[in-house]
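# Structural features, examined
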Amino acid sequence: MIFDVIRRSLQAPQRLIPAEELLGHAAGSRMPEFDPAHLTREIARAVSDVCPTAALKIVEVNGRQLLRMDYGECIGCGRCLEAGPQAVSVAKKLLRCGVRRQELVQHFDFENHAEVILEAPSPEIAKEEISRLLGRALNVRQLDAGSCNGCESEITALTNPYYDLERFGIHFVASPKHADMLLVTGPVTRNMAVAVKQTYEAMPAPKLVVAVGACGCSGGIFAVSHAVVGPVDKVIPVDGYIPGCPPTPSMLITGILQVLRKPRELAPD
Amino acid sequence: MSTASQKSQRVSPTIEVARLLEGAQPSPARLVCIFGSVDGLQRRPVVRYIVDVPGEGYRVVTEPVEGPIPSLTGITAAAAWYERELHDQFGFEIAGHPDLRRLLLHENWPGNFHPMLDSNEPLNWADEPYTFLKVDGEGVSEVAVGPVHAGVIEPGHFRFSVMGDNVLFLELRHFYTHKGTEKLFQGAPLMNGPIIAESVSGDNCFSHAVAYCQAVEQAHAALVPRRAELIRLIGLELERMMAHIADVGALSGDVAFAVPAAYCSRIKEDLLQAGSRVIGSRYWRGVAVPGGVARDINPAAAEAFHQAVTQAADEFAKMASIIIERPSVQSRFETAGVLRRQVAADLGVVGIVARASDVDLDVRRDHPYGAYQGLTFDVPTLHYGDVLARARVRIAETAVSAQLILNALEQLQPGPIRTEFRTDVAFEGFSAVESARGELLYWVRGENRRLERCYIKSPSFQNWPALPHAVAGNVIADFPLINKSFNLSYSGCDR
């Protein structure tokens with residue numbers, strides 16, 4: 001019988017998704033994407049009205065009204081797609097994974113039909129140094145700070161034969177003391193806050209922290225709850241943010257590698 | 001429901017519930033849940049009991065809170081956690097409860113704070129100690145596990161009292177992922193409910209969304225189109241298949257039989273991808289909405305989906321028999337973590353865990369809803385109550401679910417998928433579904449498109465107290481295996 005298992009594994013077709021088909025892809029995540037050319041004031045108002053988490057809102061910057069889209073708050077409910085189909089579509093690609101918090105935010109000048117870059121991303125030398133030190137072998141400790149288990153389900157999928165995270169030299173370890181990276185899901189609940197801090201403190205330096213999912217990035221729909229302290233960065237310092245509710249396995253891989261500044265090496269354009 | 005007539009007989013509703021649970025009928029009623037609410041503009045505090053009365057169905061009994069509430073824990077152990085939750089959330093006094101330690105709100109919360117009654121002001125941090133139950137005696141030691149576990153698992157604390165390798169006693173201390181979810185529903189627009197429900201327990205989010213929607217539809221007497229009911233059935237059964245396949249694979253992995261574990265994770269991923277292609281979302285989030293479904297099955301992808309489900313069921317059946325017939329697996333699964341029938345019944349256990357201990361409950365069959373009405377299908381049960389029985393029930397159920405999906409796909413006729421219904425009314429209602437973990441019930445109340453209260457009876461909240469009974473007497477090294485065979489949700493329980 002054990003030979004039957006081995007025979008099957010040898011005969012089974014290759015399932016592994018090549019790195020270039022994973023990195024930056026967001027199919028199945030339900031994240032929206034905006035086409036500034038077709039944005040109007042009416043659409044901007046309509047989509048911000050239907051957004052249940054205020055991921056989309058109209059803000060005033062230097063006297064100009066802009067549509068602000070925060071992927072860190074977006075739960076992919078799809079209402080903006082219904083409210084403004086001319087300018088909003090389902091994102092097939094999303095590179096905003098494993099980036100700084102501000103980089104999850106986009107601004108659109110809907111009067112002039114253009115995206116506005118409010119702040120140029122600054123290179124972070126410390127992080128480059130950490131990735132150089134860590135090289136390609138990365139030990140990840142996953143920490144649930146109060147998540148609904150949706151992000152865990154997708155993180156578990158990273159080890160299945162389609163995604164096989166270990167091919168990138170990344171694997172999950174059982175203790176924060178063995179970890180280079182803490183992958184934190186969920187809004188930090190009041191009941192978990194102390195454990196989250198202690199887990200972070202138990203990690204040896206250098207250490208990286210990645211906040212996962214709408215809840216980890218912004219508190220998500222739980223941001224207003226009395227039982228929640230806030231997003232992960234309210235409790236421990238965070239190096240990279242992966243949006244999504246939940247992020248798909250490809251977004252998770254993109255995010256983890258982006259924090260290490262790896263995607264360009266693995267999948268050049 | 002008939003509070004008026006009971007008042008004229010001067011029988012307290014709680015006493016009525018107690019009588020039902022003690023049961024002179026053919027068999028005693030089963031306690032489904034106990035929850036509090038503050039009704040209407042008068043903010044009238046009440047406690048509601050839902051009981052499953054044999055031959056009748058679900059019955060809701062409402063007791064106004066005018067003083068201490070008599071505890072039902074002495075009559076059925078299943079009431080214990082519900083009453084502790086009432087005490088934490090509402091501050092209701094429970095007379096005669098044997099153990100009113102904190103449950104949802106840990107000792108870092110101020111003791112006089114009851115979130116379902118009080119406003120959301122920033123709170124001081126308290127630091128009271130929590131007292132674990134202690135096992136005394138020579139050679140007894142304690143092993144503390146969690147809240148942070150070694151795998152990609154949700155947080156919770158387990159305190160074992162052991163003698164050598166043998167577990168004498170296990171105490172759970174959970175609710176680390178308590179997010180105040182039920183309070184988020186208060187005042188929320190009716191149509192935002194599914195978004196919150198989907199974030200109660202992420203791996204059975206579709207069951208939560210459907211249970212919520214059905215409760216709203218029941219409360220508004222809304223009729224859901226046939227096509228939407230069938231799409232919901234497909235999603236619910238797909239969720240069950242994925243949960244069972246993943247669990248059987250994980251059980252195999254827990255006894256170091258790694259290849260089948262990898263196979264099962266691959267089969268689950270096949271179904272996630274097939275589901276995503278047919279509906280646009282891997283876990284069917286954003287699909288269920290009050291009145292039907294927001295997304296239709298993509299007809300171009302339906303044929304491929306049919307094939308994917310057939311193939312997954314076939315491959316899993318073969319892999320499952322390889323796992324379950326292997327002597328090294330059997331020697332670990334058999335007699336590990338036995339939950340005796342009487343204990344399961346006393347604790348009101350539901351779902352797979354109940355059916356593997358010969359407690360024959362299934363909401364789909366006992367209280368049919370949606371497209372399950374008029375269907376007949378197998379509900380596999382076993383009476384051994386061990387890890388092997390729970391694995392076997394999961395395997396048998398997966399085949400039934402696959403068949404239900406294939407039949408539903410064949411019955412799909414073109415038609416509307418969503419119905420409009422009048423929402424400018426006061427409403428109150430509830431509905432249950434059989435999620436992959438068991439009976440999941442939503443109770444809603446509100447007015448004019450806004451929720452006043454939404455209560456979630458989660459199967460995990462019901463089943464967690466049974467786990468220590470299955471673990472006692474086993475070696476501590478078998479705990480991960482036994483825990484996995486229950487596979488309860490932490491977030492679903494903690495809410």
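Residues numbered from 1 in each chain as written. Chains lettered and ligands numbered in written order. Predicted model: local features only at pLDDT ≥ 70, side-chain atom pairs only at ≥ 80, totals over all residues.

## Some remarks on the nonpolar core
Convention followed: The nonpolar core criterion groups buried Ala, Val, Leu, Ile, Met, Phe, Trp, Tyr and Cys residues into a set whenever they are joined through C-beta atoms within 7 Å. Labels follow a simple rule on C-beta atoms placed from the backbone: if 20 or more others lie within 10 Å of a residue's own, it is buried; if 12 or fewer, it is exposed; otherwise it is partly exposed. Under the scheme used here, helices are H or I runs from DSSP no shorter than 4 residues and strands are E runs no shorter than 2 residues, and both carry numbers assigned from the N terminus. Our contact criterion uses C-beta atoms placed from the backbone: two residues qualify when those atoms are within 7 Å.
Judged by nonpolar contacts, the single largest core of 235 residues is most densely connected at V184 and V210 of chain A together with V51, L441 and Y442 of chain B. Here this core gets 14 residues from one element, more than from any other, and that element is helix 7 (residues 226-254) of chain B. If sequence neighbours within four positions are ignored, Y442 of chain B has contacts with A211, Y212, A215, F430, S431, C454 and I456 of chain B.

## As for the interface of chain A and chain B
Chain A puts 47 residues into the contact, and the matching count from chain B is 46 residues. Within the residue set of the side of chain A that touches chain B, elements represented by two or more residues are helix 1 (2-11), strand 7 (138-144), helix 6 (150-157) and helix 7 (193-202) of chain A. No other element matches helix 6 of chain A, which puts seven residues into the side of chain A that touches chain B.

## Here's the deal with the sheet that holds strand 2 (residues 56-61) of chain A
All names here are of chain A. The condition that has to hold: At least two DSSP bridges between two strands are needed for those strands to be called paired. Helix axes use the C-alpha atoms of the stretch in contact, all axes being lines fitted to C-alpha atoms, and the angles between their N-to-C directions lie in the range 0 to 180 degrees.
Ordered in space as 2-3-5-6, the four strands form an open sheet in which the pairing is antiparallel. Because the sheet does not close on itself, it has two edges, and the strands there are strand 2 and strand 6 (114-116). Across the sheet, the axes of successive neighbouring strands diverge by a mean angle of 40 degrees, strand direction being ignored. Of the strand pairs in this sheet, strand 3 (residues 64-70) and strand 5 (residues 105-109) are connected by four bridges, and their pairing is antiparallel. By the bridge assignment for strand 5, L67 is matched with F108. Where helix 3 (residues 41-50) meets the sheet, its contacts fall on strand 2 and strand 3, and the angle it forms with strand 2 comes to roughly 125 degrees.

## Section: the sheet that holds strand 11 (residues 208-212) of chain A
Residues and elements named next belong to chain A. Strands sit in the order 8-7-9-11-13 across an open sheet of five strands; the sheet is parallel. Only two strands of the sheet have a single partner each, and these edge strands are strand 8 (170-172) and strand 13 (240-242). Direction aside, the axes of adjacent strands within the sheet are offset by 25 degrees on average. By the bridge criterion, five bridges tie strand 7 to strand 9 (residues 181-185) in an arrangement that is parallel. Across the sheet, residue V140 finds its bridge partner in strand 9, namely M181.

## Points about the domain arrangement of chain B
In many analyses, interface size is given as the accessible surface area lost on bringing the parts together. Residue and element names in this part refer to chain B. Cut-off, in case you're wondering: All domain edges in this entry derive from an automatic or database-based domain assignment. Residue classes follow a fixed rule: Ala, Val, Leu, Ile, Met, Phe, Trp, Tyr, Cys and Pro count as nonpolar, while Asp, Glu, Lys and Arg count as charged, and any other residue, Gly among them, counts as polar.
In terms of domains, chain B is made up of domain 1 (3-95) and domain 2 (181-494). The interface is formed by 14 residues belonging to domain 1 together with eleven residues belonging to domain 2. Broken down by secondary-structure element, the contributors of at least two residues to the side of domain 1 that touches domain 2 are strand 1 (30-39), strand 3 (57-64) and helix 3 (80-90). Counting residues per element, the side of domain 1 that touches domain 2 draws most heavily on strand 1, which supplies six residues. Per-class residue counts for the side of domain 1 that touches domain 2 are ten nonpolar, three polar and one charged.

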